[in-house]
Amino acid sequence: MRILIVSDSHSKVCNQTIAELNKCDINVHCGDSQLSFFNKDLDSYKIKVRGNCDFDKNFPEKMKFRVGNIKYVAVHGHLQDVGYSTTKLIEAASDAKFIFHGHTHVVRCEEVDGKVIINPGSVASSRSSYTETYAVLEVLENKYKVEIKDFYTNNVIDLYEG
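Residues numbered from 1 in each chain as written. Predicted model: local features only at pLDDT ≥ 70, side-chain atom pairs only at ≥ 80, totals over all residues. Heavy atoms only, no water.

A. Spatial organisation of the environment of Met1. Within the element layout of this structure, Met1 appears in the segment before strand S1 (2-6). Its relative accessible area of 29% is what places Met1 among the partly exposed residues. In this structure, Met1 is in contact with Asp25, Ile26, Val67, Tyr72, Leu137, Glu138 and Val139, ignoring residues within four places of it in sequence. (Helix = DSSP H or I, 4+ residues; strand = E, 2+ residues; numbered from the N terminus. Buried < 20%, exposed > 50% of the residue type's maximum accessible area, 1.4 Å probe, protein only. Contact = heavy atoms within 4.5 Å.)

B. Representation of the sheet that holds strand S8 (residues 115-119). One open sheet accounts for five strands, arranged S4-S5-S6-S8-S7; its pairing is mixed. Because the sheet does not close on itself, it has two edges, and the strands there are strand S4 (62-67) and strand S7 (108-112). Ignoring which end each strand starts from, the neighbouring axes of this sheet average 20 degrees apart. With three bridges connecting them, strand S6 (residues 98-100) and S8 associate as parallel partners. Bridge pairing in S8 links Phe100 to Ile118. (Pairing = 2+ DSSP bridges. Axes fitted to C-alpha atoms, helices over the stretch in contact; angles between N-to-C directions.)

C. Highlighting the sheet that holds strand S10 (residues 143-150). The strand order across the open sheet formed by six strands is S3-S2-S1-S9-S10-S11, and the pairing between neighbours is mixed. Only two strands of the sheet have a single neighbouring strand rather than two, namely strand S3 (47-48) and strand S11 (156-161). Relative to strand S9 (residues 133-140), S1 runs antiparallel, the two sharing four bridges. From the neighbouring strand, Arg2 faces S9, where its bridge partner is Glu138.

D. Structural view of the side chain of Glu132. Relative to the elements of secondary structure, Glu132 occurs in the loop between S8 and S9. With residues near it in sequence (within four places) discarded, Glu132 still touches Ser122, Val123, Ala124, Ser125, Ser126, Lys149, Asp150, Phe151 and Tyr152.

Right, dumping it as structure tokens:
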């Protein structure tokens, strides 16, 4: 299972740039697209949530989904105070193994309390030492791999495994 995770695109149309878009089983946008929920540039994202800069009320605040026996949740992160703590983020995820969020524009991949928290950074304006980024999660049986990719070159710039 391959999952593309994008966040904080802030009106940047990135479908033609992200090489992984058509190579993944599920595409997730963690909010702040600043586009309408029904905008054609978001059609390939079956999981998409509202960020603090999204004003279309059709976006849900949180989306939970399951693939096989593995549960996932996507939020933007502003309502969970992700810049300060993981406590509310973990509470929002309840029984999910993987938690996807954005908001901070800073790449994150860590395990906390048995959950894998992934922030793909931002495809529009990075606030870290990385360039603009997105993530690809690959889940194989009891293992996972998260590739952080450069938005402009699609090259892997960081890798997390567990």
